[in-house]
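Take a look at the letters that make up each chain.
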Amino acid sequence: MSFWWRKRREEELDAEVRSHLEMAARERMERGKTAEEAEHAARREFGNVGLVREVTRDAWGWGALDRLMQDLRFGLRILAKSPGFTAVAILTLALGIGANTALFSVVNGVLLNPLPYPEPEQLVELRESKPNFATGSISYPNFLDWQKDNRTFASMAIVRGNRSFTLTGLGEAEQVDAVFMSTGFFEQLGVNPVLGRAFAPGEDRIGAAPTVMITGGFWKRKLGSAQDILGKSLTLDGRGYTIIGIIPASFDLLGSLRTPEMYVPIGQWSNPLLMNRAAGLGIGGIGRLKPGVTVQQARADMERVTQNLAAAYPETDKGIGAAVIPLRKWLLGSVEPFLLVLFGAVGFVLLIACVNVANLLLARSTGRAHEFAIRAALGAGQGRIVRQLLTESMLLAVIGGGLGVLLAAAGTRAALGVLPTTLLRATDVVVDGRVLLFAGSISLLAGICFGLVPALKTRKPGVHETLKEGGRGGSGARHRAQGALVAAEMALALVLLIGAGLMVRTLAALWNVNPGFEANKVMTFGFSLPPSMRNASPEAIRAKLREVHDKFQAAPGVQGVAFSWGATPLQGDDEWLFWIDGQPKPASESEMNWAIDYVVDYDYLRIMGIPLKSGRFFTAQDDEHAARVAVVDEVLANQFFAGQSAIGKHLHLSGGEILEIVGVVGHVKQWGLDTDDKETLRAQLYTPFMQLPAKGIGGGAGVVVRSDQPAAVFQSIRQANNQMSSEQVVFGAQTMSEVIASSLAERRFSMILFGIFAGLALLLASIGIYGVVSYLAGQRTHEIGIRMALGAKQTDVLRMVLGAGMKMTVIGIFIGLLAALGLTRLMANLLFGVSATDPLTFVGVGTILAIVALAACHVPARRATRVDPVVALRYE
Amino acid sequence: MVEKKARYQNRIELLQGTLDLLILQTLQWGPQHGYGISVAIRNRSGELLQVDTGSLYPALHRLEKQKWIKAEWRISENKQRAKFYQLTSAGKKQLTRERSKWSQLSDAIAGVLQPGEK
């Protein structure tokens, strides 16, 4: 039924009424009346033409829509008539809805959208579970056996990211991030090359001809997207790799720290430990379950596979299991709790916004009580008035919602700038259909919420009472409702403020954690020797490294330089296995002791600012010709040499070397400021860089630099480097302060958002209590005038008005404290160094809220004391 | 206030049902326009029943929507264009039902009233 159908019916109805009137008039004329008299009489008899038309239209069943249009028109007029009220209400709602929509678009993009692969629920992350690592690295030989022996996987593939190659022969030499992988990885994720093909079976084996797949980004950046690129060769670390395919630029290898530009078969990894069954080389796996297979079945299957391997290779595989984790959980498990807590918090902001608007409407409906009474007296049904009020609040909600979506679109873009990079799939955060649907739903829901209270309240008072009151309005019940709403608002705001307070205290506690080294004076970067040095003799490599060390040391601004291999605090870990001299050699590697290894130059301790506890650190004489020595941290010393001195003791490494312990140093928080204390593997072992077999350092190493300007010093090092060789690359510069900051990124992001939400809540709640107290004081002007005329002092009036406001505040704070006691538990896993029910935060934040509320009430209270009794009594 | 409203609603209810019956009955004698129907009811009731246009037209449009009557624009005997309503077969059946319901009702009311009058 269209608008046009309706229009035709209207015209027809007009014609029908007209013909009725004409016939009635004509009959009267036939009885001898004049034309004028006849027409008047016919009209009189017919009655109200407009009314007849309207009730007839109702019979078509279209009255509801008609009335809605009427209500909308009237509602718009009413809203336009009080622009101040309308603006405040709409802005409040826009903030609430906008904040919710923005956060929902993040939740939607990160948590709700399925992973961008076909049948993502069949994908699992595969890891080895080891005594020290629930999700450790898979060794390549074990992977090959897993692949062969399992019965529940359609396919399995491994990846080793965070590798880089020196690219030469294509413009300036540069370090390119790459990923090692096994054949079948892209097929498993349903990714098709835009050009060429993926790795063929067997191409990933050790000894196969070197091939490489490049990303669309690299193709464009270095090769100008040339179509004839397949079969051409790239020189990586001095070797030629044949380009076989191009991976679409849109492909995102989730969970990888850096976005790689090329993919290389794992067999090309010239790591002597690759075929070592016990090696932990940072290899992860992804598997696709056969259709219909559950994760539990796959786990049981892998349990069988790994137990067989443990029986076959007890020395390396005893105690090694397989961790099978749904890929979604693996990738999103860490951000989910953060986002959900934030989503809860932002919901509170919307609730406060609703309460605020409800209060505004309530106050205004008091002013409009007279209008409603007159309309009721003129025959408007109660339902009709409620509907009118609801239409008005819906209008507010829809306009506020529309504005909120615009705010959210802008806000989301801004938020993405501060989002931690660890928050995966941030690129998926867009305002899409689902986000709009969400915004629409919460707007309507909000409209009903805040519209219903005043609408139902309006229904209460009888027409007589209101008309008798002469528009002064205001019954006790309505004031109680307003007071309750203000208290609710205070309670909600308090919960958010406490949440924000706990996050602030968490961050403060984390910043005060001593990482074990002086982060603010240290920067790190990667260094790789020219590819031509790769096959040089150990003597030549060491000589070259010493030369590089001295050149870097001489660069302006540098206070110290040390090569570093193995683990780097908070960045990458590496472990060695050992046993104590004098104890029997353990039967298997899994029964050996583990330590995080730092293979560093003699100056490392001073550069990092790590305290020496006893003995000595390395000297320049601890080189390849000297006896092998080690320095351990306090944790290792206490764990293995409790009650005695570690110095002079010997350690056997799993590779056969024997080290003498010459010193003990402070512990470094390798695993992060927050989690390090909870880890089981914390023992740390330092060995001299020059005592590392030359084969291990042929490619290059990490470099740590001490400087007063750690952020700026890299520039002079780069210059020093480029003067030495055009094929020698320095890359990946990072200050330690940045590393620490990014390790706290998720918490900082949560704190900032919590702070914004809590600030919004505080602002809205202050406006709310200010509005209500002002309004109530205004309503009592008459009473205050009488009191003052009877001798009440200004302080009495001040106390009276403040008292009313503070009563609501205190009730609200009390309820809020109780609610927070229950709710902050939900964010316990976001907190560090502070309890979820931290009394200081609870009391402090409660006090702040009380002071803000007092200030908000003080303004109207002061105004009330300036009431001139004469004016107040004359008024009305 | 509430009571008054309820009484008002009852009156409407009663009138509506009766008016439908009267309209259907009037149309049994042939197609007629709205004005003609109101005149016919007035004349046949001995000027006792005055049909309010505010009830007549909604009733006509409602009956049309229920497909008991259908409408058509024609020229009246006085050469005036008018919308003529006509009973449909469903309308005829409805009239029979309404009539029997009415006679039951009036019998019932008469039965209630009689002993009191004795």
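Keep in mind the model is a prediction, meaning the values are calculated, not measured.

## A closer look at the overall build of chain A
Broken down by element type, chain A carries 28 helices and 21 strands. For a compact globule of 876 residues, the expected C-alpha radius of gyration is about 29 Å, and chain A comes in at 38 Å, more than 25% above that figure. With the C-alpha coordinates of chain A rotated into their principal frame, the extents come out at 135 × 75 × 55 Å. Sequence separation of at least 24 residues holds for 82% of the intrachain contacts in chain A that already meet a minimum separation of 6.

## Here we look at the overall build of chain B
Each helix and strand counted, chain B has four helices and three strands in total. Starting at the N terminus and ending at the C terminus, chain B contains elements arranged as α-β-α-α-β-β-α. Taking all 118 residues of chain B together, the buried fraction comes to 28%. Contacts in chain B between residues far apart in sequence, at least 24 positions, make up 48% of those at least 6 positions apart.

## What about the interface of chain A and chain B?
On the chain B side, the residues contacting the 16 residues of chain A number 16 residues. At the level of secondary structure, the elements contributing two or more residues to the side of chain A that touches chain B comprise helix H1 (3–30) and helix H3 (49–59) of chain A. Here the side of chain A that touches chain B gets seven residues from one element, more than from any other, and that element is H1(A). Here the residues of the side of chain A that touches chain B are counted per class, giving eight nonpolar, four polar and four charged.

## Quick look at unusual backbone geometry
Residues and elements named next belong to chain A. Positive phi outside glycine occurs at Glu119, with the angle close to 40°. With respect to the element layout, Glu119 can be found in the loop between helix H5 (83–112) and strand S1 (123–129). The exposure class assigned to Glu119 is partly exposed, which follows from the 13 C-beta atoms found within 10 Å. Here the phi dihedral of Leu570 falls at roughly 65°; this positive angle occurs in a residue that is not glycine. With respect to the element layout, Leu570 can be found in the loop between strand S12 (560–566) and strand S13 (575–580). Here Leu570 falls in the buried class, since 21 other C-beta atoms lie within 10 Å of it.

## Topic: the pairing of strand S2 (residues 153–168) of chain A
Residues and elements named next belong to chain A. Where burial is concerned, most of S2 is hidden: 12 out of the 16 residues are buried. Examined bridge by bridge, S2 and strand S9 (residues 284–289) share six bridges and lie antiparallel to one another. Within S9, the residue paired with Phe153 across the bridge is Leu289. Where S2 lies against strand S3 (residues 174–181), seven bridges are found, and the strand directions are antiparallel. Bridging from a neighbouring strand, Phe165 pairs with Val176 of S3. The turn joining S2 and S3, which pair antiparallel and follow one another in sequence, is formed by five residues; a positive phi near 80° is taken by Gly169.

## Observations regarding the environment of A:Ile541
Mapped onto the secondary structure, A:Ile541 falls in helix H18 (residues 538–554). Each C-alpha atom, one on A:Ile541 and one on A:Leu529, is 8.7 Å from the other, the two residues being 12 residues apart in sequence.

## Overview of the domain arrangement of chain A
One frequent convention defines the size of an interface as the accessible area lost when the parts assemble. Domain annotation of chain A identifies domain 1 (3–61), domain 2 (131–319), domain 3 (336–511 + 745–874) and domain 4 (531–724). Computed from C-alpha coordinates alone, the two centres of domain 1 of chain A and domain 2 of chain A are separated by 86 Å.

## Thoughts on the confidence of the model for chain A
In regions of low pLDDT, the predicted coordinates are not meant to be interpreted in detail. Mean pLDDT over chain A works out to 87, with 93% of the residues at or above the 70 mark. Throughout residues 470–475 of chain A the model reports pLDDT below 50, and contacts reaching past four residues in sequence, or to other chains, amount to nine contacts.

## Some words on the sheet that holds strand S1 (residues 32–33) of chain B
Residues and elements named next belong to chain B. One open sheet accounts for three strands, arranged S1-S3-S2; its pairing is antiparallel. Looking at the sheet topology across the chains shown, the edges are occupied by S1 and strand S2 (69–75). Alignment of S1 against strand S3 (residues 81–87), held across two bridges, turns out to be antiparallel. By the bridge assignment for S3, His33 is matched with Phe84.

## Quick look at the packing of helix H6 (residues 140–149) of chain A against helix H9 (residues 295–312) of chain A
Packed helix pairs are characterised by how far apart their axes lie and by the angle those axes make with each other. Residue and element names in this part refer to chain A. Viewed as axis vectors pointing N to C, H6 and H9 meet at an angle of 130°, and their least axial separation amounts to 10 Å. Judged by the angle between their axes, H6 and H9 are oblique. Read as a crossing pair, H6 and H9 show a hand that is right-handed. When H6 is examined against H9, the residues Asn142, Asp145, Trp146 and Asp149 are found in contact with a partner set consisting of Val305, Asn308 and Leu309. Among the residues making up the contact of H6 with H9, the classes are represented as three nonpolar, two polar and two charged.

## Thoughts on the confidence of the model for chain B
Scored by pLDDT, chain B comes out at a mean of 80, with 82% of its residues at no less than 70. Note that residues 1–14 of chain B has pLDDT below 50 and, in this model, zero contacts with residues that lie over four places away or in other chains.

## With respect to the environment of A:Ser614
Residues and elements named next belong to chain A. Tracing the chain through its elements places Ser614 in strand S15 (residues 612–615). Overall, Ser614 belongs to the partly exposed group, with 13 C-beta atoms counted inside 10 Å. Sequence separation of Ser614 and Leu436 is 178 residues, and the distance between their C-alpha atoms is 64 Å. Beyond its immediate chain neighbours, meaning those up to four positions away, Ser614 contacts Ile647, Gly663 and Val664.

## Quick notes on the pairing of strand S11 (residues 522–528) of chain A
A regular strand places its side chains so that they alternate between the two faces of the sheet. All names here are of chain A. Counting buried residues in S11 gives six out of seven residues, a clear majority hidden from the surface. Looking at chain direction, S11 and strand S20 (residues 700–706) are connected through seven bridges and run antiparallel. For Ser528, the partnering residue across the bridge sits in S20 and is Gly700.

## What to know about the packing of H3(A) against helix H3 (residues 53–65) of chain B
Taken N-terminus to C-terminus, the directions of H3(A) and H3(B) make an angle of 25°; their axes are 8 Å apart at the nearest point. Between H3(A) and H3(B), the crossing angle belongs to the class labelled roughly parallel. The two elements H3(A) and H3(B) meet at a crossing, and its hand is right-handed. For the pair formed by H3(A) and H3(B), the contact residues are A:Leu51, A:Val52, A:Val55, A:Thr56, A:Asp58 and A:Ala59 on the first element and B:Thr53, B:Gly54, B:Tyr57, B:Pro58, B:His61, B:Arg62 and B:Lys65 on the second. Among the residues making up the contact of H3(A) with H3(B), the classes are represented as six nonpolar, four polar and three charged.

## Some points on H18(A)
All names here are of chain A. Compared with the 24 Å implied by 1.5 Å per residue over 17 residues, the 24 Å span of H18 between its first and last C-alpha is a close match. Of the residues making up H18, those classed as buried are Leu545, Val548 and Phe552. The buried residues of H18 occupy an angular sector of 60° when the element is viewed end-on, so they sit on one face. Along H18, exposed side chains directed more than 90 degrees from the buried face belong to Glu539, Ala543, Glu547, Asp550 and Ala554.

Cut-offs and rules
- Residues numbered from 1 in each chain as written.
- Chains lettered and ligands numbered in written order.
- Predicted model: local features only at pLDDT ≥ 70, side-chain atom pairs only at ≥ 80, totals over all residues.
- Helix = DSSP H or I, 4+ residues; strand = E, 2+ residues; numbered from the N terminus.
- Rg over C-alpha atoms; globule rule 2.2 N^0.38 Å.
- Contact = placed C-beta atoms within 7 Å.
- Buried ≥ 20, exposed ≤ 12 C-beta atoms within 10 Å, placed from the backbone.
- Nonpolar A, V, L, I, M, F, W, Y, C, P; charged D, E, K, R; others polar.
- Pairing = 2+ DSSP bridges.
- Domains from an automatic or database assignment.
- pLDDT = per-residue confidence, 0-100.
- Axes fitted to C-alpha atoms, helices over the stretch in contact; angles between N-to-C directions.
- Parallel < 35°, antiparallel > 145°, perpendicular 65-115°, else oblique.
- Left-handed = near helix turned anticlockwise from the far one by under 90°.
- Expected span 1.5 Å × (residues − 1).
- Arc of directions from axis to C-beta.

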